Amino acid sequence: MGIARNSSKSDENADKSSRDWCGEAAARLHAERPEDALTAARAAAGLDPAGEWPHRLTGLALERLGRDRDALPPARQAVRLAPGSWAARLGLATVLSHLPGHWDEAAGQAALARRYAPGHPDPLVLEGDLALLRGAHGRAEAAYRAALRLDPGHLQAHVNLGLALLRWDPPHVTGSSGTGGAEKGGAGTGGVERGGVGAAGPRTGGVERGGARAAGVEMGGVEGGGVGAAGAGVRVARRNVGVALWILVGRTWSVLAALTAVALVAGPRAAPVAMAAGVLAAVAPYPLLRASCRAHRGCPWHTAAAVLLVLAAAGCAAGGALGAAWAWWAGPGALAAVAALLALLSARAWWRGAPGPWRSSLLRCDLPAGTDPSVPLHPRVRRAFAYARTAVLSFGDALGPRMVGAATSVGPSGDLRVVVGDEAWEAVEADPRVAVFAADPDRGRRWVEVRGIAVAGPGALRVTPEQVLVGEFPGRHQRLQRGTRR
């Protein structure tokens with residue numbers, strides 16, 4: 001039975017095509033199984049060495065394992081095979097971002113990915129990550145918000161936007177002027193630490209991974225999102241929300257403490273200051289409690305901190321309005337209790353090696369990106385472009401849409417080689433989105449169209465397909481029918 005079962009499994013694997021293996025590799029990457037994804041990607045590359053998708057997935061699997069230097073050659077090969085592929089550019093930028101000395105190149109590749117796919121959020125998210133790791137929180141916030149306008153449910157953009165708003169800095173930053181990257185914990189050398197403080201092992205072992213619809217920190221409070229996957233994703237969502245809540249508790253406490261100190265020193269003349277402290281403390285706990293209930297089902301520690309802040313508000317307000325001695329003791333006493341609670345939690349976290357109530361405990365979300373399949377050309381489409389008598393390249397320039405005649409051929413990796421005049425080359429540099437149209441020489445009424453990204457190559461434009469359309473010209477009968485309907 002075991003021999004027969006193994007034999008049938010081998011036969012099943014033998015029947016798989018390169019794209020079947022690529023589909024399995026992409027699924028395993030999203031399931032946080034990079035070792036299995038690497039095996040599948042290499043099997044796909046063995047069946048189709050000229051395919052861009054297998055090399056891209058090989059690089060992404062090695063990157064998830066923390067083997068960034070090993071991931072660089074297949075990532076570059078994917079870009080060489082399909083220079084107009086935004087996913088290949090994104091994969092290369094991801095690998096480069098973890099290698100010291102390649103930060104500027106990573107930013108350039110991410111910018112090309114965004115230019116080639118202006119409607120896709122992943123290039124914007126990667127640009128936000130690069131800015132976040134450099135400490136450019138304003139640029140990171142702008143990139144994440146732009147990504148969320150394209151995809152309001154993008155998990156990584158939500159989580160990392162919260163880090164940008166909290167002015168999070170990656171630990172162990174190395175290199176001068178932010179161009180060298182950062183140290184990683186666990187497997188791999190150089191690059192960027194994926195897990196932050198407390199994450200161990202290779203990138204797939206860090207608890208920051210997973211599909212959590214984690215918290216996005218907005219002005220004045222924390223919005224806890226719903227959880228979209230189990231396991232590590234749930235942990236990172238709750239961890240970031242909990243830490244963010246404590247950060248806001250600490251900031252609220254520091255403002256209240258300053259206002260209370262002013263009121264105590266100034267005495268009865270500081271009644272407006274005390275009232276302001278009371279209003280602030282009365283309002284601040286509500287978003288904390290709301291986010292705590294949504295993310296932690298009512299964490300008792302957050303509830304205790306919110307109650308103490310309310311007591312501090314009551315004491316400050318009563319001391320300023322009534323001048324009662326007990327109130328002046330109650331307000332600072334409640335603030336002291338909050339400080340003691342934060343100190344207790346910090347000591348507890350330090351003793352257990354758990355995340356504490358400080359910014360270094362926040363984790364950056366880093367989900368696999370750039371696994372989208374490449375667009376293949378059917379053999380019939382390849383033949384049509386290889387033997388078409390005439391072809392037309394459609395592009396846009398300052399004067400609007402234009403069409404010019406072209407000569408076409410199909411490259412070994414499935415991209416189109418288009419020979420056109422100089423005016424098309426200049427227009428493509430400004431806007432690389434083009435369409436190539438040809439009539440099928442074997443079937444007189446059939447036409448094919450490839451829409452994609454054109455990149456200048458030696459002697460010809462190389463068009464990486466993004467969409468393939470096939471149809472038929474209307475015949476005499478259809479033309480007569482349309483004339484009758486009019």
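Just so it is clear, the structure is predicted and the values come from calculations on it, not from any experiment.

### Remarks on the nonpolar core
Okay, so step 1: In terms of nonpolar packing, the biggest core is built from 34 residues, with Trp86, Leu132, Tyr144 and Leu362 touching the most fellow members.
Okay, so step 2: Those elements that place two or more of their residues in this core are helix H6 (86-96), helix H7 (103-116), helix H8 (121-133), helix H9 (137-150), helix H10 (155-165), helix H11 (232-266) and strand E7 (446-456).
Okay, so step 3: Excluding residues that lie within four positions of it along the chain, Leu132 makes contacts with His137, Ala140, Tyr144, Asn160, Leu163, Ala164, Trp168, Pro170 and Arg364.
Okay, so step 4: Judged by nonpolar contacts, the second largest core, of 27 residues, contains Cys22, Leu38, Leu65 and Ala75.

### Regarding the pairing of strand E8 (residues 461-472)
Okay, so step 1: In this sheet, E8 lies alongside strand E5 (residues 416-419) in antiparallel orientation, the contact comprising three bridges. Bridge pairing links Leu416 to Val463 in E8.
Okay, so step 2: Where E7 folds back onto E8 in an antiparallel hairpin, the turn is made up of four residues, including Gly459, whose phi is positive at roughly 80°.

### Let's talk about helix H4 (residues 52-64)
Okay, so step 1: If you check H4, its first and last C-alpha atoms are 19 Å apart, about what 13 residues at 1.5 Å a residue would give, namely 18 Å.
Okay, so step 2: Across the 13 residues that make up H4, a large majority, 13, are buried.
Okay, so step 3: Directly beyond the C-terminal end of H4, a positive phi value near 85° is found at Gly66.

### A few points about the packing of aromatic side chains
Okay, so step 1: In this structure the tally under the stated criterion is one aromatic pair.
Okay, so step 2: Stacked on the ring of Trp21, the Lys or Arg Lys16 has its end atom at 4.5 Å from the ring centre.
Okay, so step 3: Its end group placed over the ring of Tyr387, Arg383 keeps NZ or CZ at 4.7 Å from the ring centre.

### Things to note about the pattern of salt bridges
Okay, so step 1: Tallying each qualifying case throughout the model produces 17 salt bridges.
Okay, so step 2: The closest approach of N and O atoms between Arg33 and Asp36, which form a salt bridge, is 3.0 Å.
Okay, so step 3: Judged by its relative accessible area of 33%, Asp36 is partly exposed.
Okay, so step 4: Between Arg134 and Asp104 there is a salt bridge, with its nearest N and O atoms 2.9 Å apart. A residue pair is termed long-range when its members are at least 10 positions apart, and Arg134 in the loop between H8 and H9 and Asp104 in helix H7 qualify at 30 residues.
Okay, so step 5: By relative accessible area, which is 54% here, Asp104 ends up exposed.

### Focus: the environment of Ser17
Okay, so step 1: Examined against the element boundaries, Ser17 turns out to sit in the loop between helix H1 (2-14) and helix H2 (18-30).
Okay, so step 2: Classification of Ser17 by relative accessible area gives partly exposed; the value is 33%.
Okay, so step 3: When the C-alpha atoms of Ser17 and Asp48 are compared, they prove to be 8.8 Å apart, with 31 residues separating the residues in sequence.

### As for the confidence of the model for the protein
Okay, so step 1: Put simply, the protein has an average pLDDT of 75, and 66% of its residues get 70 or more.
Okay, so step 2: Taken element by element, the predicted model of the protein shows its lowest mean pLDDT in strand E2 (residues 221-223) (33) and its highest in helix H5 (residues 68-81) (96).
Okay, so step 3: Here residues 173-231 scores under 50 on pLDDT; set against residues more than four positions off or in separate chains, the count is 169 contacts.
Okay, so step 4: Residue range residues 477-486 is modelled with pLDDT below 50. Its contacts to residues more than four positions away, or to other chains, number three contacts.

### Points about the sheet that holds E7
Okay, so step 1: Strand order in this closed barrel of six strands is E3-E4-E5-E8-E7-E6, and the pairing throughout is antiparallel. Sheet twist, expressed as the mean angle between neighbouring strand axes with direction ignored, is 40°.
Okay, so step 2: Across four bridges, strand E4 (residues 400-410) lies against E5 in antiparallel orientation. Each residue of the ladder has a partner; that of Ala407, found in E5, is Val419.
Okay, so step 3: Lying on the sheet, helix H17 (residues 422-430) is in contact with strand E3 (391-397), E4, strand E6 (433-439), E7 and E8; it crosses E3 at an angle near 50°.

About the criteria used
Residues numbered from 1 in each chain as written. Predicted model: local features only at pLDDT ≥ 70, side-chain atom pairs only at ≥ 80, totals over all residues. Heavy atoms only, no water. Core = buried A, V, L, I, M, F, W, Y, C linked by side-chain atoms within 4.5 Å. Buried < 20%, exposed > 50% of the residue type's maximum accessible area, 1.4 Å probe, protein only. Helix = DSSP H or I, 4+ residues; strand = E, 2+ residues; numbered from the N terminus. Contact = heavy atoms within 4.5 Å. Pairing = 2+ DSSP bridges. Expected span 1.5 Å × (residues − 1). Phe/Tyr/Trp six-rings, centres within 6.5 Å; stacked < 30°, edge-to-face > 60°. Lys NZ or Arg CZ within 6 Å of the ring centre and 35° of its normal. Salt bridge = Lys/Arg side-chain N within 4 Å of Asp/Glu carboxyl O. pLDDT = per-residue confidence, 0-100. Axes fitted to C-alpha atoms, helices over the stretch in contact; angles between N-to-C directions.

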